[in-house]
Amino acid sequence: MLPPQSHVNISFFQPPAFLMIGIPGLEAFHGWISIPFSSMYTVALTGNCLILLAVRRTPSLHQPMYYFLSMLALTDVGLTLSTLPTTLAVLWFDHRLIGFNTCLVQMYFLHSFSVVESSVLLAMSFDRFVAISSPLHYAAVLTNNVIIRIGMAIVARATLCLFPVPFLIKRLNFCPGNNSLSHSFCFHPDVMRRACADITINIRYGLFVVLSTGAIDSLLIILSYTLILHTVMGLASPRERVRALNTCVSHILAVFVFFIPGITMSMIHRFGRHLPHIAHALVAYVYLVVPPVLNPIIYSVKSKPIREAMLRILKRKRQS
């Protein structure tokens, strides 16, 4: 035991664990709040798994459009599983501690799946552009090999972009006692601001990732739909125009559901520090939980082939 006059120089400190928060100010109601969260997670996992099974077991859905939809569903499953364990642990059992390294792993996968989802939505916009502008060459352009390469490029992009992030956090010095997060999961801007060191590199690299992924993807999606509208307006028949645009409705809704909360959350974390913590928490939950819930609903409602294939699978399950 050190004598009272001794001083211990702690030059570098990392907390053994972070303390997660569910919804700030509503801790007393976490039991009730867990009910809608559990329902949303169940809908997200069930709906996206049904889409994956429907595409796999229905030969007529073995087309580029539905392969990309499968990528989106698989990404939504990954995004859901990234936040589900810690969120439900906080809401159900008030288990709020997460180990430092476990936090970095969750942060990596959470942001990686977000980048993958952005990239898949971009690939789906390219699919719609080719289908509408060059329908006769659609199958020749988007072959199975091309789709596999696009999928591999998407995964490689997310992996390489996010790989440095945990190591940039790992190098930081943290203050003892400053280990409370603003969410029930590890979010990069939230974790890095718990450090007592200079986080300029972390901020700049985080901004680079946002600009080189989500920002570029959203601009290219806008460009794709500008070209699609130009092609559609050139069609002679109003009925053909409506039919062509109807094939894009589901994707447009999925883009809005993903990018609007994502942009809102980025803006709040950078310019809305004066806002109450509950605003940060709610926007983050909308960004990470709502898209995986709504995407299967959107595509099952707007796409008749997907809806019928999903219903067939459910009927087989009941019969068995």
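The following refers to the structure shown. These figures come from a predicted structure and were not determined experimentally.

Looking now at the overall build of the chain. Counting its secondary structure elements, the chain contains 12 helices and two strands. Shown N-terminal to C-terminal, the secondary structure of the chain runs as helices and strands in the order β-α-α-β-α-α-α-α-α-α-α-α-α-α. Viewed in the frame of its principal axes, the chain has a C-alpha envelope of about 85 × 45 × 35 Å. Counting the 320 residues in the chain, one finds 48% classified as buried. The long-range share in the chain, meaning contacts at least 24 apart out of those at least 6 apart in sequence, stands at 79%. Looking at the chain as shown, the accessible area adds up to about 16,700 Å², and 70% of this sits on carbon and sulfur atoms. Of the charged side chains in the chain, 24 are positive and 10 negative, and the gap between their average positions amounts to 7 Å.

The subject of this paragraph is the layout of surface pockets. The space that makes up the largest pocket amounts to roughly 740 Å³. Together, 35 residues line the largest pocket, and Gly206, Val210, Gly262, Ser266 and Arg270 are the ones closest to its centre. In the lining of the largest pocket, the residues fall into 20 nonpolar, 12 polar and three charged. Each pocket or cavity is described by its volume, and for the second largest pocket that value is around 460 Å³. Met71, Leu74, Thr75, Gly151 and Val155 are the residues nearest the centre of the second largest pocket, which is lined by 20 residues in total. Here the lining of the second largest pocket takes eight residues from helix H5 (residues 144-162), the largest share from any one element. Considering only residue class, the lining of the second largest pocket consists of 14 nonpolar, six polar and no charged.

Take the environment of methionine 107 next. As for its placement among the helices and strands, methionine 107 is situated in helix H3 (residues 100-133). Overall, the relative accessible area of 0% leaves methionine 107 in the buried class. Not counting chain neighbours up to four residues away, the residues in contact with methionine 107 comprise Val165, Pro166, Ile169, Cys186, Phe187, His188 and Val191.

Ranked by size, the top nonpolar core spans 89 residues in total, and within it Phe18, Phe37, Leu121, Ile169 and Val191 carry the most contacts. Ranked by the residues each element gives to this core, the list is headed by H3, at 16 residues. Dropping the residues within four chain positions of it, leucine 121 is found in contact with Leu72, Ile221, His251, Ala254, Val255, Phe258 and Phe259.

Further remarks concern the packing of H5 against helix H8 (residues 200-233). Interaxial distance between H5 and H8 falls to 10 Å at its minimum, and their mutual angle equals 160°. Taken together, the axes of H5 and H8 lie roughly antiparallel to each other. At the point where H5 passes H8, the crossing takes the left-handed sense. Facing H5, whose interface residues are Arg157, Leu160, Cys161 and Leu162, H8 presents Tyr205, Val209, Ser212, Thr213 and Asp217. Looking at the contact of H5 with H8 residue by residue, the class counts come to five nonpolar, two polar and two charged.

Thresholds, definitions, all that
- Residues numbered from 1 in each chain as written.
- Predicted model: local features only at pLDDT ≥ 70, side-chain atom pairs only at ≥ 80, totals over all residues.
- Heavy atoms only, no water.
- Helix = DSSP H or I, 4+ residues; strand = E, 2+ residues; numbered from the N terminus.
- Buried < 20%, exposed > 50% of the residue type's maximum accessible area, 1.4 Å probe, protein only.
- Contact = heavy atoms within 4.5 Å.
- Areas by Shrake-Rupley, 256 points an atom, 1.4 Å probe, with all protein chains shown as cover.
- Lys, Arg positive; Asp, Glu negative; His and termini not counted.
- Charge placed at Lys NZ, Arg CZ, Asp CG, Glu CD.
- 1 Å grid on protein atoms, 1.4 Å probe; cavity = no way out; pocket = protein on both sides within 12 Å on 5 of 7 lines; lining within 4 Å.
- Points joined across faces, edges and corners; volume = space filled by probe spheres on them.
- Nonpolar A, V, L, I, M, F, W, Y, C, P; charged D, E, K, R; others polar.
- Core = buried A, V, L, I, M, F, W, Y, C linked by side-chain atoms within 4.5 Å.
- Axes fitted to C-alpha atoms, helices over the stretch in contact; angles between N-to-C directions.
- Parallel < 35°, antiparallel > 145°, perpendicular 65-115°, else oblique.
- Left-handed = near helix turned anticlockwise from the far one by under 90°.

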